[in-house]
Amino acid sequence: MARCNGEPVQWIEKDDAMFGHVLSSAFNFAFKNLGVLFRVTIIPILLSVLLEVAAFSFNSASMVWVDYALWSVLNTIIAVNVHRIVLMGPNSVPTFGRFTIGKIEIWFWLHYIALGAPYLLGSFQFEWAGPLVILLAIVVMVFGCRLSLVFPAIAMGKGVSFPYAWEQTAQKTLFMVLVVIVAPIVFAIIFVPVMSLVVFIAPDSSPIYSLVSTNIVIAYVTILAVIALSFAYQDLTGDDHSTPSPEAPREE
């Protein structure tokens, strides 16, 4: 009986240790590869910021859906490039990143929409959400954390779907919750001084300054979160192609 009671504790300790490794790996990778990460993400980040400014300027209900659709495409491009750099090395993407809508991006985007749609729809119904709806949202969120492991695999060109991620994350629910939900919060805390400075110096009469800086911070928090998810995928699957042979050409 003692052994049975101790097993959950051991699982929690192991998940905590794995999470710590993922966090440290993500920070180290981002620091060592600042140049290449900036280079392959700067174009979609700037386009994303311009999109948010346009959505703010138009301020219409229909623009919300257009904004989400285009934003999800740009996020797909960013995530695919970052996943590939972490898991397959810098030579796996062109100099300024993959900026085409190919099979990988389409398959990635479809899964992104499928996983994000419930949260988007739920946000419109939040005013009348009761305890049961909130509980259901939490359950869906936990399931979504496990299913998120599909994204690194798709970015690498694997023709897999949600069942693959579900299988790979068996008995690793807590670990995936930590990676998908807690890690971005940790990364966001790093940028608190930056946002505090922006709020202090931004003129009250022009909210565009805060809007632009907020979206840039969100973009880089997202990049760190994608890096963390890549390392989580690597730890759970052992799939590591980050050290290609010297002869491997850069993708064009």
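Residues numbered from 1 in each chain as written. Predicted model: local features only at pLDDT ≥ 70, side-chain atom pairs only at ≥ 80, totals over all residues. Heavy atoms only, no water.

Novice: An account of helix α8 (residues 173-190) is needed here, citing residue identities and associated values.
Specialist: If you check α8, its first and last C-alpha atoms are 26 Å apart, about what 18 residues at 1.5 Å a residue would give, namely 26 Å. The largest bend in α8 comes to about 40 degrees, at V182, with the proline P184 one to four residues further on. Along α8, the positions that sit buried rather than exposed are F175, M176, L178, V179, A183, P184 and F187. (Helix = DSSP H or I, 4+ residues; strand = E, 2+ residues; numbered from the N terminus. Expected span 1.5 Å × (residues − 1). Bend = angle between axes of the 7 residues up to and from the residue. Buried < 20%, exposed > 50% of the residue type's maximum accessible area, 1.4 Å probe, protein only.)

Novice: Before we move on, could you go through the side chain of N215 and cite the residues and values that matter?
Specialist: Following the sequence through the fold, N215 ends up in helix α10 (residues 208-237). Within the local environment of N215, its side chain forms a polar contact with the backbone oxygen of L211, the two atoms lying 2.7 Å apart. Aside from chain neighbours lying at most four places away, what touches N215 is V49 and E52. (Polar contact = N/O pair within 3.5 Å; in protein donor to acceptor, adjacent residues only side chain to side chain. Contact = heavy atoms within 4.5 Å.)

Novice: Provide a residue-level description of unusual backbone geometry, including the pertinent values.
Specialist: Its identity as a non-glycine residue notwithstanding, Q171 has a phi of 65 degrees, on the positive side. When its relative accessible area of 65% is taken as the criterion, Q171 is described as exposed.

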